[in-house]
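# Chain and residue survey
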Amino acid sequence: MESESESGATADTPPLETLSFHGDEEIIEVVELDPGPPDPADDLAQEMEDVDFEEEEEEDGNEEGWVLEPQEGVVGSMEGPDDSEVTFALHSDPRLVASHAENSSVFCVSLDPKTNTLAVTGGEDDKAFVWRLSDGELLFECAGHKDSVTCAAFSHDSTLVATGDMSGLLKVWQVDTKEEVWSFEAGDLEWMEWHSRAPVLLAGTADGNTWMWKVPNGDCKTFQGPNCPATCGRVLPDGKRAVVGYEDGTIRVWDLKQGNSIHVLKGTEGHQGPLTCVATNQDGSLILTGSVDCQAKLVSATTGKVVGVFRPETVASQPNLGEGEESESNSVESLGFCSVMPLAAVGYLDGTLAIYDLSTQTLRHQCQHQSGIVQLLWEAGTAVVYTCSLDGIVRLWDARTGRLLTDYRGHTAEILDFALSKDASLVVTTSGDHKAKVFCVQRPDR
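Residues numbered from 1 in each chain as written. Predicted model: local features only at pLDDT ≥ 70, side-chain atom pairs only at ≥ 80, totals over all residues. Heavy atoms only, no water.

In the annotation of an unreviewed UniProt entry, the entry for the chain reads Angio-associated migratory cell protein, and the organism field reads Tursiops truncatus. Comment text from UniProt for the chain, heading Function (unreviewed entry), reads "Plays a role in angiogenesis and cell migration. In smooth muscle cell migration, may act through the RhoA pathway." Word for word, the UniProt comment on the chain under Subcellular location (unreviewed entry) is "Cytoplasm". (UniProt positions renumbered as here; feature names shortened; annotations may be inferred.)

Written out as C-alpha cells, the structure reads:
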C-alpha cells in the first residue's frame, strides 16, 4: 500500500467551521485498533432550529397521485399480488412526466429521520416529491431540476431535504416552509449524503471531486481525488472523516476539517475496478468497500490497512464463463455491517447474499435470489437483513441461520432503491414501474 497526504481543500472558497461531534456508539470488537488522540472541533449545527412536524401546515394532496388499494390492469412482467399499503404514483402522472410517461423510473427514496413519517423520492421525470407515508399525500414538489433526480435525502434533524440530478444541480428545501433555501451546480453527480450531525451536505462528482457545503450559507470545501469519478462515499460516524471510493479502484479517507487525505489505498491494496459501494461499522473503526471486481475489502479506518478480503465462493452457477469473465458478469452491489453481531452482508449482482463472520473472516451463509441484488439494509438492533432485487421483491433474511423470513411483492419492475423506518415497521421502495410503495413489515418475533 502506498500512503499519501494530499491537500484537497480549495483556497478560493470560504473555509468551513471546525467539525466536532460526540455520541455514545456500541462497539463491535473485531480487530484491535488504536483510535488515536481525539480531534477537538466546533459544532456546525448551532444555527439550525428544530422543525415541529405537528405544527406543519398540510396541503391538499393530489388523490390521483396515490392509491391505498392494489391497482388493477397494471402492465408488466411481474404482475401478481400487491402486499403494499400505499402506492405513490405521482412520478407516473402524465401531466407531470409528459414524454416520459411510459418509462419514468423512480430512482431514489429517503425517509425523514426525525419522525419517519415523510418520504422524498426522485425520478426519471426530473421531479422530486416530499410526501406522507401514512396515505401518500403530497406535501410539496421539489421543482426546478433539469435532469433525472438520482439523489434525495433529509438532513439529520429533518429540517431540510436535498435533491440532486444527474447533471449536478443540487437543491435544498426547508421542510416546514416548503421553500428552496439553497442550490448549487457541480459536475455530473455520482452520490450525495448529509452529514449525520450537522447541516452539511457532501457529494461526489464525475470529475473526481468530493464537495462539502454548509447549508444554507454555502460555505464550501472540495476534496480533489484522482482524475476519475468519485463513485461512492460515506461520512464516518465521528463526523470528522469521510471515506470515498473512485472509478480507478482507489479508496481515500479524508479529514473533513483539514481537507487532506489521511489514507490512500491503491494498487493491490485498492480494488481492481470501479468502487460501487462503501459502508462503516457502528463505531467507525472498520470500513467495508465493494467493487465490480467482485471483492469486498475490510479496512481499518485508523491505520488505513486492509484487514480482510471477501471473495465470492462458488456463487450462483454461471455457465459458459471463461477465465477472468466473472468480474464482468458479477459485481458487489451493496454491503453493510450488523449492529449486534460481528457479521457483514455483501450483495452481488448475480443474486447472491453472502453473510460473513468478521471474527473468523469466513463465509457463514449464502442466500440465493432469483435475480440481482440492488441494495441491502440491516435492521437496527437485530441480525435481520433486508434485500431488494431486480425481480421487484423485498426479502427479509435471518443472518444467524441464512433462512428467508418473508418477502413482499407488488412492483411490476425492478426495485431501484429502498429505505427502512427506524422501528423497522415500514419498508419504502422505488421502482422502474414508475411507483414508490410502502410495505408494512409484520414479524411474529417482534
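Looking now at unusual backbone geometry. In this structure, proline 216 follows valine 215 across a cis peptide bond, with omega equal to 10°. Note that proline 216 resides in the loop between strand 13 (209–214) and strand 14 (220–224). In this structure, cysteine 294 takes a positive phi of about 70° despite not being glycine. In this fold, cysteine 294 is placed in the loop between strand 20 (286–291) and strand 21 (296–300). For cysteine 294, a relative accessible area of 3% gives the class buried. Non-glycine residue glutamine 361 carries a positive phi angle of around 55°. Its place among the elements puts glutamine 361 in the loop between strand 25 (352–357) and strand 26 (362–368). (Helix = DSSP H or I, 4+ residues; strand = E, 2+ residues; numbered from the N terminus. Buried < 20%, exposed > 50% of the residue type's maximum accessible area, 1.4 Å probe, protein only.)

Sheet architecture is open: 4 strands sit in the order 3-4-5-6, paired in antiparallel fashion. Since the sheet does not close on itself, it has two edges, and those belong to strand 3 (106–111) and strand 6 (138–142), each with one partner. Across this sheet, the average inter-strand angle for adjacent strands is 20°, counted without regard to direction. When strand 3 meets strand 4 (residues 118–123), the two strands line up antiparallel, connected through 5 bridges. Residue pairing for strand 4: valine 109 is matched across the bridge by threonine 121. (Pairing = 2+ DSSP bridges. Axes fitted to C-alpha atoms, helices over the stretch in contact; angles between N-to-C directions.)

Quick look at the sheet that holds strand 14 now. On the basis of which strands lie adjacent, the open sheet formed by 4 strands has the order 11-12-13-14 and antiparallel pairing. Either end of the sheet is taken by a strand with one partner, and the two such strands are strand 11 (189–194) and strand 14. The average angle at which neighbouring strand axes cross in this sheet is 15°, direction not considered. Pairing between strand 11 and strand 12 (residues 200–205): 5 bridges, direction antiparallel. Looking at the pairing, tryptophan 191 lines up with glycine 204 of strand 12.

So, about the environment of serine 389. As for its placement among the helices and strands, serine 389 is situated in strand 28 (residues 384–389). Between the alpha carbons of serine 389 and isoleucine 373 there is a distance of 4.3 Å; along the sequence they are 16 residues apart. Setting aside residues up to four positions removed in sequence, serine 389 forms contacts with His369, Ser371, Gly372, Ile373, Val374, Arg395, Glu414 and Ile415. Side chain to side chain, serine 389 and aspartate 391 meet in a polar contact 2.4 Å long. (Contact = heavy atoms within 4.5 Å. Polar contact = N/O pair within 3.5 Å; in protein donor to acceptor, adjacent residues only side chain to side chain.)

A word on the nonpolar core. Grouped together as the largest cluster of nonpolar side chains are 17 residues, with contacts concentrated most on Leu170, Val172, Met192, Trp194, Leu201, Trp213 and Val215. Listing elements by their share of this core, those giving two or more residues are strand 7 (149–154), strand 8 (160–165), strand 9 (169–174), strand 11, strand 12 and strand 13. Sort the elements by how many residues they give to this core and strand 11 lands first, with 3 residues. Among the nonpolar cores identified, the runner-up in size contains 16 residues, and Cys277, Phe310, Val332 and Ala354 belong to it. (Core = buried A, V, L, I, M, F, W, Y, C linked by side-chain atoms within 4.5 Å.)

Here we take up the environment of glycine 164. On the secondary structure map, glycine 164 appears in strand 8. Other than its neighbours up to four places away in sequence, glycine 164 contacts His145, Ser148, Val149, Thr150, Cys151, Leu169, Leu170, Leu189 and Met192.

On to the packing of aromatic side chains. According to the stated counting rule, one finds 10 aromatic pairs in the structure shown. Here the aromatic rings of phenylalanine 184 and tryptophan 213 are separated by 5.1 Å at their centres, their planes lie at 55°, and the arrangement is tilted. Placement of the pair is phenylalanine 184 in strand 10 (residues 179–185) and tryptophan 213 in strand 13, with a sequence separation of 29 residues. The exposure class of phenylalanine 184 is partly exposed, given its relative accessible area of 26%. Following the ring pairs from residue to residue traces out a cluster consisting of Trp182, Phe184, Trp211 and Trp213. The ring of tyrosine 246 has arginine 252 sitting right over it, with the charged end atom 5.5 Å from the ring centre. (Phe/Tyr/Trp six-rings, centres within 6.5 Å; stacked < 30°, edge-to-face > 60°. Lys NZ or Arg CZ within 6 Å of the ring centre and 35° of its normal.)

Here the focus is the pairing of strand 9. In terms of residue burial, strand 9 counts as a mostly covered element, since 5 of its 6 residues are buried. Note: strand 8 against strand 9, 5 bridges, orientation antiparallel. If you follow glycine 164 over to strand 9, its bridge partner there is leucine 170. Between strand 8 and the antiparallel strand that follows it, strand 9, lie 3 residues; glycine 168 among them carries a positive phi value of about 100°. Pairing analysis gives 6 bridges linking strand 9 to strand 10, with the strands arranged antiparallel. Residue leucine 169 lies in a different strand from strand 10, and its bridge partner there is glutamate 185. What sits between strand 9 and strand 10 in their antiparallel hairpin is a turn of 4 residues, with lysine 178 showing a positive phi close to 60°.

Of note, lysine 297 is situated in strand 21. The buried charged residue lysine 297 lacks any salt bridge partner; its closest oppositely charged side chain belongs to aspartate 293, at an N-O distance of 6.0 Å. Engagement of the side chain of lysine 297 in a polar contact is seen with the backbone oxygen of threonine 268, the distance being 2.9 Å. Among the polar contacts made by the side chain of lysine 297, one reaches the main-chain carbonyl oxygen of glutamate 269 at a distance of 3.3 Å. Beyond its immediate sequence surroundings of up to four residues, lysine 297 is in contact with Thr268, Glu269, Gly270, His271, Ile287, Leu288, Thr289, Val306, Gly308 and Val309. (Lys, Arg positive; Asp, Glu negative; His and termini not counted. Salt bridge = Lys/Arg side-chain N within 4 Å of Asp/Glu carboxyl O.)

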